[in-house]
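An overview of the molecular structure
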Amino acid sequence: MGPDVPLRIDANQGWSFEEAVEALRGMAGYNIQHCEAPIDRYDWNLLPELRRLSPIPLMADESCWNAADARRLLAIGRWTASTSS
Ligand SMILES: [Mg+2]
């Protein structure tokens with residue numbers, strides 16, 4: 001594909017927190033734009049810490065179904081809205 005093709009990954013909530021840290025750090029050199037749903041949606045409270053530890057930006061998916069979810073994620077801090085789909 002080459003370096004001009006932007007890459008985005010979706011873990012579909014498949015990683016534990018520790019697995020996510022290891023995987024995201026392991027992929028640090030691949031110019032990935034963001035990782036969607038790295039951990040279980042019910043572990044949303046861990047997202048700020050994961051974001052701090054990850055070299056790859058994170059994107060909420062299953063943990064953000066509606067405006068209330070978005071406000072909750074924004075309120076826990078260090079999380080910004082994205083226009084990515
Ligand atoms: Mg997804």
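Residues numbered from 1 in each chain as written. Predicted model: local features only at pLDDT ≥ 70, side-chain atom pairs only at ≥ 80, totals over all residues.

With that out of the way, let us pick up the pairing of strand E2 (residues 32-36). Sheet topology note: the strand E1 (residues 7-10)/E2 ladder contains 4 bridges and is parallel. Counterpart to Ile9 in the pairing with E2 is Cys35. Since E1 and E2 lie parallel, the crossover through helix H1 (residues 17-26) that links them has a hand, and here it is right-handed. (Pairing = 2+ DSSP bridges. Helix = DSSP H or I, 4+ residues; strand = E, 2+ residues; numbered from the N terminus. Right-handed = clockwise from strand over helix to strand, strands pointing away.)

Right, let's talk about unusual backbone geometry for a bit. Even without glycine at this site, Asn31 takes up a positive phi of about 55 degrees. When you line up the elements, Asn31 lands in the loop between H1 and E2. Residues other than glycine seldom take positive phi values, yet Ala37 does so here, at roughly 40 degrees. Following the sequence through the fold, Ala37 ends up in the loop between E2 and helix H2 (47-53). Residue class for Ala37 comes out buried when judged on the 22 C-beta atoms lying within 10 Å of it. (Buried ≥ 20, exposed ≤ 12 C-beta atoms within 10 Å, placed from the backbone.)

On to the environment of Gln33. Within the secondary structure, Gln33 is located in strand E2. Not counting residues within four places of it along the chain, the set of residues in contact with Gln33 comprises Pro6, Leu7 and Arg8. (Contact = placed C-beta atoms within 7 Å.)

It is worth spelling out the nonpolar core at this point. Counting residues in each nonpolar core, the largest one holds 7 residues, listed as Ala20, Leu24, Cys35, Ile39, Leu47, Ile56 and Leu58. In this structure Ala20 touches Ala11, Trp15, Pro38, Ile39 and Leu50, once residues within four positions along its chain are discounted. (Core = buried A, V, L, I, M, F, W, Y, C linked by C-beta atoms within 7 Å.)

Spatially, 3 strands are ordered E1-E2-E3 in an open sheet, and the strand pairing comes out parallel. Each of the sheet's edge strands pairs with one partner strand only, and the pair in question is E1 and strand E3 (58-59). Both E2 and E3 contribute to a ladder of 2 bridges, which runs parallel. Its bridge partner lying in E3, Cys35 is registered against Leu58.

It is worth spelling out the environment of Ile76 at this point. Tracing the chain through its elements places Ile76 in the segment after helix H3 (67-75). A count of 13 C-beta atoms within 10 Å places Ile76 in the partly exposed class. Between the C-alpha atoms of Ile76 and Asn45, which are 31 residues apart in sequence, the distance is 7.4 Å. Residues within four places of Ile76 in sequence aside, it is in contact with Asn45 and Pro48.

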